[in-house]
Amino acid sequence: MQITISRDQFLKPLMQVSGAIERKHTLPILSNVLLEVKQGKLFFTGTDLEIELIAAVDIPSDVSDCQLTLPAKKLLDICKSLPDGCDITLTTQETQVLLTSGKSRFSLATLAAEDFPNLEQWDSEVEIILSRLELRKLLESTHFSMANQDVRYYLNGMSFEVDNSELKTVATDGHRLALAQKQLTASTQTQRQIIIPRKGVQEIMRLLIVDDSEIKIQLGENHFRLIDQEFIFTSKLVDGRFPDYRRVLPRGGDKQVIANREWLRSAFSRVSILSNEKFRGVRLNFSAGELKISANNPEQEQAEEVVEVMYDGPDLEIGFNVSYVLDVLNTLKTDDVLFTLSDSNSSALVEGQGDDEAMYVVMPMRL
């Protein structure tokens, strides 16, 4: 077999699938990328047995159908190091593949393509059509609240919930919760909740181009698939039940605070510099028309900021992890932000003023 293709054409799909490939794995073949020629296209496949990525590029139709595997990281490093605009030629030679470009020659080991694992076949039970932009917004609004290596494995991912004509993404690590929702143009006539693993969410965000092009989302019994114009992403689901987030949404908060998001974000950022590096706690003191934000650390250093806010309730003192508050303020896009509070021991509900597509819950901390 011999394939000649431009470096730029070859590099893009290779980079797309590389995110699914494990560099250190007990199965050597999982460090390889599968290259497959069929029907005038060159398909690239990478997997770690949990997620699978497939991308394709057109090639001359006279290349006969074949398949081979190559070490993904070495192949990617070689292609990146070659000059822009050059051509790459791949030629099979028994147990190796010769890659040539100009005066450069690289002989790479190959493993049997027949041993390359594919995720099992499955049937789609629910299909949703969304724009790339809409899906990206749902993921960006919630992904930062996912747990990371939590023993409660069902928190190490994102809840993806379809409720007839509404789509919700929810993430929580037990200390905070993020919820985003989107009305679908057509009802799915079904209710379904799945958990997409953390790595899967991160890969989708890495790959998604932000524009209005449509993408198809498929939900199976144990799988999630995203079919884009440039790639096909498949992930196994986290096997578990996501906590009932509706029970932790604060209710009955009688104190509302409205503040300029950018002023608030800047003030929290400055105060956080002198917060305790381990616990990241800051104290918030609300009084009529103003909010005082303060922090200190074991070195006896202190920071204090006063921000004008719209608030006319009784004085209230409450503590939060400043990183959690900043994550929310950095994610919201509205000019003003709305805090709904009840007392110093209850969670706060944070929303963008006038935006009902996302809401955030932050638990208080004792200082």
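Relevant structure appears above.
Report follows, based on the coordinates. Source: prediction; values computed, not measured.

Right, let's get into the overall build of the chain. Within the chain one finds six helices and 24 strands. For the C-alpha atoms alone, the extent of the chain along its principal axes is close to 80 × 50 × 35 Å. The proportion of buried residues among the 367 residues of the chain is 51%. Residue pairs in contact within the chain that sit at least 24 positions apart in sequence constitute 66% of those at least 6 positions apart. As presented, the chain carries roughly 18400 Å² of accessible surface, and 45% of it is formed by carbon and sulfur atoms.

Turning to the pattern of salt bridges, a few remarks are in order. Considering all chains together, one arrives at 24 salt bridges under this definition. For D8, the salt bridge goes to R7, with nearest N and O atoms at 3.0 Å. Assessed through its relative accessible area of 43%, D8 is described here as partly exposed. Residue E230 pairs with K12 through a salt bridge whose shortest N-O separation is 3.2 Å. Residue E230 is found in the loop between strand 15 (223-227) and strand 16 (231-236), and its partner K12 is found in helix 1 (residues 7-18); the two are separated by 218 residues along the sequence. Here K12 falls in the partly exposed class, since its relative accessible area comes to 44%.

The next point concerns the nonpolar core. The nonpolar side chains of a soluble globular protein tend to be buried with one another. Core analysis: the biggest nonpolar cluster contains 98 residues, and F10, L42, L135, F160, F224, L264 and F268 have the highest contact counts within it. At six residues, the largest contribution of residues to this core is made by helix 6 (residues 322-331). Look past the residues within four positions of L42 in its chain and what remains in contact with it is I3, I5, F10, L35, E36, V37, A55, A56, V57 and I59. In terms of nonpolar packing, the next biggest core, distinct from the first, is built from 11 residues, V238, Y245, L249 and V361 among them.

Glancing now at the packing of helix 1 against helix 2 (residues 72-81). Contact geometry of helix 1 with helix 2 gives a least axis separation of 10 Å together with a crossing angle of 145°. Of the two possible hands of crossing, helix 1 and helix 2 adopt the one that is left-handed. Residues R7, F10, L11, L14, M15 and S18 of helix 1 form the contact with helix 2, whose participating residues are L75, L76, C79 and K80. Here the contact of helix 1 with helix 2 is built from residues that sort into seven nonpolar, one polar and two charged.

Next up on the list: helix 6. Most of helix 6 sits inside the fold, with seven of its 10 residues counted as buried. For helix 6, the N-terminal cap is N321; the gap from its side-chain oxygen to the backbone nitrogen of S323 is 2.8 Å.

Quick look at the packing of helix 5 (residues 261-272) against helix 6 now. Closest axis-to-axis distance for the helix 5/helix 6 pair is 10 Å, and the angle between their directions is 150°. Taken together, the axes of helix 5 and helix 6 lie roughly antiparallel to each other. As helix 5 packs across helix 6, the resulting crossing turns out to be left-handed. In contact with R261, L264, R265, F268, S269 and S272 of helix 5, helix 6 contributes V322, V325, L326, L329 and N330. A per-class count over the contact of helix 5 with helix 6 returns six nonpolar, three polar and two charged.

Across all of its chains, the model carries five aromatic pairs by this definition. Pairing F144 with Y360 gives two aromatic rings, centres 5.9 Å apart and planes at 25°, and the pair type is stacked. Taken together, the residues F144 in the loop between helix 3 (132-140) and strand 10 (157-163) and Y360 in strand 24 (residues 358-362) connect sequence positions 216 residues apart. Judged by its relative accessible area of 14%, F144 is buried. Under the relative-accessibility criterion, Y360 is labelled buried at 1%. Sitting over the face of the ring of F43, K38 holds its NZ or CZ atom 5.3 Å from the ring centroid.

Another point: the sheet that holds strand 5 (residues 66-71). Here eight strands make up an open sheet; going across it, the order is 5-2-3-4-16-15-14-9 and the pairing antiparallel. Edge positions in the sheet fall to strand 5 and strand 9 (126-131), since each has one partner strand and no second. Shown here is a sheet whose adjacent strand axes are inclined to one another by a mean of 20°, direction ignored. Of the pairings in the sheet, the one linking strand 4 (residues 51-58) to strand 16 comprises five bridges and is antiparallel in character. Counted as the bridge partner of I51 is S235 from strand 16.

This paragraph deals with the sheet that holds strand 1 (residues 2-6). In sheet architecture, strand pairing relies on hydrogen bonds along the backbone and comes in two forms, parallel and antiparallel. Across the sheet, which stays open at both edges, the four strands sit in the order 1-6-7-8 with antiparallel pairing between neighbours. Lying at the two open borders of the sheet, with one neighbouring strand each, are strand 1 and strand 8 (104-109). Taken pair by pair, the neighbouring strands of this sheet meet at an average axis angle of 20°, ignoring direction. Judged from the five bridges that link them, strand 1 and strand 6 (residues 87-93) form a sheet pairing that is antiparallel. From the neighbouring strand, I5 faces strand 6, where its bridge partner is I88. Lying over the sheet, helix 2 contacts strand 6, strand 7 (96-101) and strand 8, oriented at roughly 170° with respect to strand 8.

The rules behind each value
Residues numbered from 1 in each chain as written. Predicted model: local features only at pLDDT ≥ 70, side-chain atom pairs only at ≥ 80, totals over all residues. Heavy atoms only, no water. Helix = DSSP H or I, 4+ residues; strand = E, 2+ residues; numbered from the N terminus. Buried < 20%, exposed > 50% of the residue type's maximum accessible area, 1.4 Å probe, protein only. Contact = heavy atoms within 4.5 Å. Areas by Shrake-Rupley, 256 points an atom, 1.4 Å probe, with all protein chains shown as cover. Salt bridge = Lys/Arg side-chain N within 4 Å of Asp/Glu carboxyl O. Core = buried A, V, L, I, M, F, W, Y, C linked by side-chain atoms within 4.5 Å. Axes fitted to C-alpha atoms, helices over the stretch in contact; angles between N-to-C directions. Left-handed = near helix turned anticlockwise from the far one by under 90°. Nonpolar A, V, L, I, M, F, W, Y, C, P; charged D, E, K, R; others polar. Polar contact = N/O pair within 3.5 Å; in protein donor to acceptor, adjacent residues only side chain to side chain. Parallel < 35°, antiparallel > 145°, perpendicular 65-115°, else oblique. Phe/Tyr/Trp six-rings, centres within 6.5 Å; stacked < 30°, edge-to-face > 60°. Lys NZ or Arg CZ within 6 Å of the ring centre and 35° of its normal. Pairing = 2+ DSSP bridges.

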